[in-house]
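Reading the structure
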Amino acid sequence: MVGNSTTSMSRRRGLDSSVISWILLVSLLLINHLAASFSAGNLQPPPKNISISFTRRIKRARSLKDGIRVLQDIESEGYSPDAFHYSAVISKCSKEGEEGEWR
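**Quick look at the environment of K95**
Turning to its location among the elements, K95 is positioned in helix α5 (residues 83-98). For K95 and L64, which are 31 residues apart along the polypeptide, the C-alpha to C-alpha distance reads 9.0 Å.

**Considerations on the pattern of salt bridges**
Summed over the entire model, instances satisfying the criterion amount to two salt bridges. Residue D73 pairs with R57 through a salt bridge whose shortest N-O separation is 2.5 Å. Here the residue D73 occupies a position in helix α4 (residues 64-76), and R57 occupies one in helix α3 (residues 48-60), the gap between them amounting to 16 residues. Assessed through its relative accessible area of 28%, D73 is described here as partly exposed. The partly exposed category is assigned to R57, whose relative accessible area is 30%. Put simply, R69 and D66 hold a salt bridge, and the shortest N to O gap is 2.4 Å. Of this pair, R69 and D66 both sit in helix α4, separated by three residues, roughly a single helical turn.

**Details of a positive patch on the surface**
Together, R56, K59, R60 and K95 make up a positively charged patch on the protein surface. Top contributing element to the positive patch by residue count: α3, with three residues. Using a relative accessible area of 46% as the deciding quantity, one classes K95 as partly exposed.

**Section: the confidence of the model for the chain**
When the pLDDT values of the chain are averaged, the result is 77; 70% of them are 70 or greater. Across the chain, the element-wise mean pLDDT spans from 51 in helix α1 (residues 2-13) up to 95 in α3.

**Description of the layout of surface pockets**
As a volume, the largest pocket reaches approximately 260 Å³. Considering the residues around the largest pocket, the lining is formed by 12 residues, among which V26, L29, L30, L64 and I68 are closest to the centre. Taken together, the elements giving at least two residues each to the lining of the largest pocket come down to α2 (17-40) and α4. Looking at the lining of the largest pocket, its residues break down into six nonpolar, three polar and three charged.

**Observations concerning the environment of K92**
Assignment of secondary structure puts K92 in helix α5. Overall, the relative accessible area of 12% leaves K92 in the buried class. Considered as a pair, K92 and I58 are 34 residues apart in the sequence and their alpha carbons are 7.9 Å apart. Those residues in contact with K92 that lie beyond four places of it in its chain are I58, K59, R60, A61, S63 and L64.

**Looking at the nonpolar core**
One finds L30, I58, L71 and V89 to be the most contacted residues of the largest nonpolar core, which totals 14 residues. For this core, the secondary-structure elements that each account for two or more residues are α2, α3, α4 and α5. Discounting chain neighbours no more than four positions away, the residues touching I58 are G67, V70, L71, H85, A88, V89 and K92.

Calculation criteria
Residues numbered from 1 in each chain as written. Predicted model: local features only at pLDDT ≥ 70, side-chain atom pairs only at ≥ 80, totals over all residues. Heavy atoms only, no water. Helix = DSSP H or I, 4+ residues; strand = E, 2+ residues; numbered from the N terminus. Salt bridge = Lys/Arg side-chain N within 4 Å of Asp/Glu carboxyl O. Buried < 20%, exposed > 50% of the residue type's maximum accessible area, 1.4 Å probe, protein only. Patch = residues over 30% accessible without salt bridge, like charges linked within 9 Å, V, L, I, M, F, W, Y side chains within 5 Å. Areas by Shrake-Rupley, 256 points an atom, 1.4 Å probe, with all protein chains shown as cover. Lys, Arg positive; Asp, Glu negative; His and termini not counted. Charge placed at Lys NZ, Arg CZ, Asp CG, Glu CD. pLDDT = per-residue confidence, 0-100. 1 Å grid on protein atoms, 1.4 Å probe; cavity = no way out; pocket = protein on both sides within 12 Å on 5 of 7 lines; lining within 4 Å. Points joined across faces, edges and corners; volume = space filled by probe spheres on them. Nonpolar A, V, L, I, M, F, W, Y, C, P; charged D, E, K, R; others polar. Contact = heavy atoms within 4.5 Å. Core = buried A, V, L, I, M, F, W, Y, C linked by side-chain atoms within 4.5 Å.

Here it is, written out as C-alpha cells:
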C-alpha cells in the first residue's frame, strides 16, 4: 500500500522516486527527533506566540538546512519543537525536491 501511495504522490506532484525517498527519510528522522525530545521529558513546546514566530522562520528559511537550524534554535531556547514546526520543515523538504535542488 505504501508503494502505491508513493507512486501516486510522485505522479501528482511531478516528483521522482529519489525525491520521495528523501522526503520520507527526513520525515522519519524528524519523527524520531520528536519522540526523543518528548521522552527526555524536560522540554515543553513554546507558548503560542513564540511557536508562531518559529514556524514563520522555518517557512522563510532559504533551505532545508536553515529550517533544521530553527529546530535547533527552538531547543537551545529551552523548548521542544511541536508538530507545526516539524510539518513546516517537511514542507520545506518537499519544496526543495520540487525545485530540483537535490539533483
